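The lines below spell out each chain.
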Amino acid sequence: MLYETDIIQWVEQQVSLIKEGRYGEVDWSNLLEEIEDLSKRERDRFLSSLRLIIQHLLKWEYQPERRSRSWEITIQRERNHIQRYLRDTPSLKRYWADLPKVYRDARADAANETGLSDWDFPENCPYTPEQIQSPWLPLT
């Protein structure tokens, strides 16, 4: 089946069938699955950017002696992604509610990378959505 061997060609085929009004030939089951997955992928990209920003903000704040241009570049790149995701898909704003879970994962990532304990970082996210999105960096 084309869906399993060449997803791009399959998508193009499905689009053509719909444009031509050949609805009976459309692979509706897989098409609906792909549409659902698209939503999940957009959500996951947004949450992944949040996680990376928080992880790097924690490293920035809790290991000031190891700050690097690379960390700053990562923070800015992911902030740009967040801005674009929210501009292109405003409904992603509802996933700010997942910030506590995202923070727990980012805190664990920061602990793994820094060699610090999870307990060296705050239990709850110390950064507001505004701080996460803005050019702000923690001062220490």
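Residues numbered from 1 in each chain as written. Predicted model: local features only at pLDDT ≥ 70, side-chain atom pairs only at ≥ 80, totals over all residues. Heavy atoms only, no water.

Student: Tell me about the packing of helix α3 (residues 28-62) against helix α5 (residues 99-114), and please be specific about residues and values.
Tutor: It is the contact of α3 with α5, at a shortest axis distance of 8 Å, that shows an interaxial angle of 50°. Considered as vectors, α3 and α5 are oriented oblique to each other. Crossing angle aside, the handedness with which α3 passes α5 is right-handed. Residues L47, L50, R51, I54, Q55, L58 and K59 of α3 lie in contact with α5, whose contacting residues are L99, V102, Y103, D105, A106, R107, D109, A110, E113 and T114. Partitioning the contact of α3 with α5 into residue classes produces nine nonpolar, two polar and six charged. (Axes fitted to C-alpha atoms, helices over the stretch in contact; angles between N-to-C directions. Helix = DSSP H or I, 4+ residues; strand = E, 2+ residues; numbered from the N terminus. Parallel < 35°, antiparallel > 145°, perpendicular 65-115°, else oblique. Left-handed = near helix turned anticlockwise from the far one by under 90°. Contact = heavy atoms within 4.5 Å. Nonpolar A, V, L, I, M, F, W, Y, C, P; charged D, E, K, R; others polar.)

Student: Hey, could you go over the environment of V11 for me, with residue numbers and the actual values?
Tutor: Here V11 is to be found in helix α2 (residues 7-19). According to the relative accessible area criterion, V11 is partly exposed, its value standing at 37%. The sequence separation of V11 and D118 amounts to 107 residues, and the corresponding C-alpha distance is 44 Å. (Buried < 20%, exposed > 50% of the residue type's maximum accessible area, 1.4 Å probe, protein only.)

Student: Break down a nonpolar patch on the surface for me, with residues and values.
Tutor: On the surface, I18, Y23, W28, L32 and I35 cluster together into a nonpolar patch covering about 490 Å² of accessible area. Broken down by element, the residue count for the nonpolar patch peaks at three residues, all from α3. Relative to the helices and strands, W28 is located in helix α3. Given a relative accessible area of 38%, W28 falls into the partly exposed group. (Patch = residues over 30% accessible without salt bridge, like charges linked within 9 Å, V, L, I, M, F, W, Y side chains within 5 Å. Areas by Shrake-Rupley, 256 points an atom, 1.4 Å probe, with all protein chains shown as cover. Salt bridge = Lys/Arg side-chain N within 4 Å of Asp/Glu carboxyl O.)

Student: So what's going on with the nonpolar core? Which residues, and what values?
Tutor: The tendency in soluble globular proteins is for nonpolar side chains to be buried side by side. Ranked by internal contacts, the top residues of the largest apolar core, which has 26 residues, are F46, L50, I54, L58 and I132. Taken together, the elements giving at least two residues each to this core come down to α3, α4 (69-88) and α5. With eight residues, α3 is the single largest residue contributor to this core. The contact partners of I132, leaving out residues within four places of it in the chain, are L50, I53, I54, R79, W96, L99 and Y127. Counting residues in each nonpolar core, the second largest holds five residues, with Y3, W10, V26 and L31 among its members. (Core = buried A, V, L, I, M, F, W, Y, C linked by side-chain atoms within 4.5 Å.)

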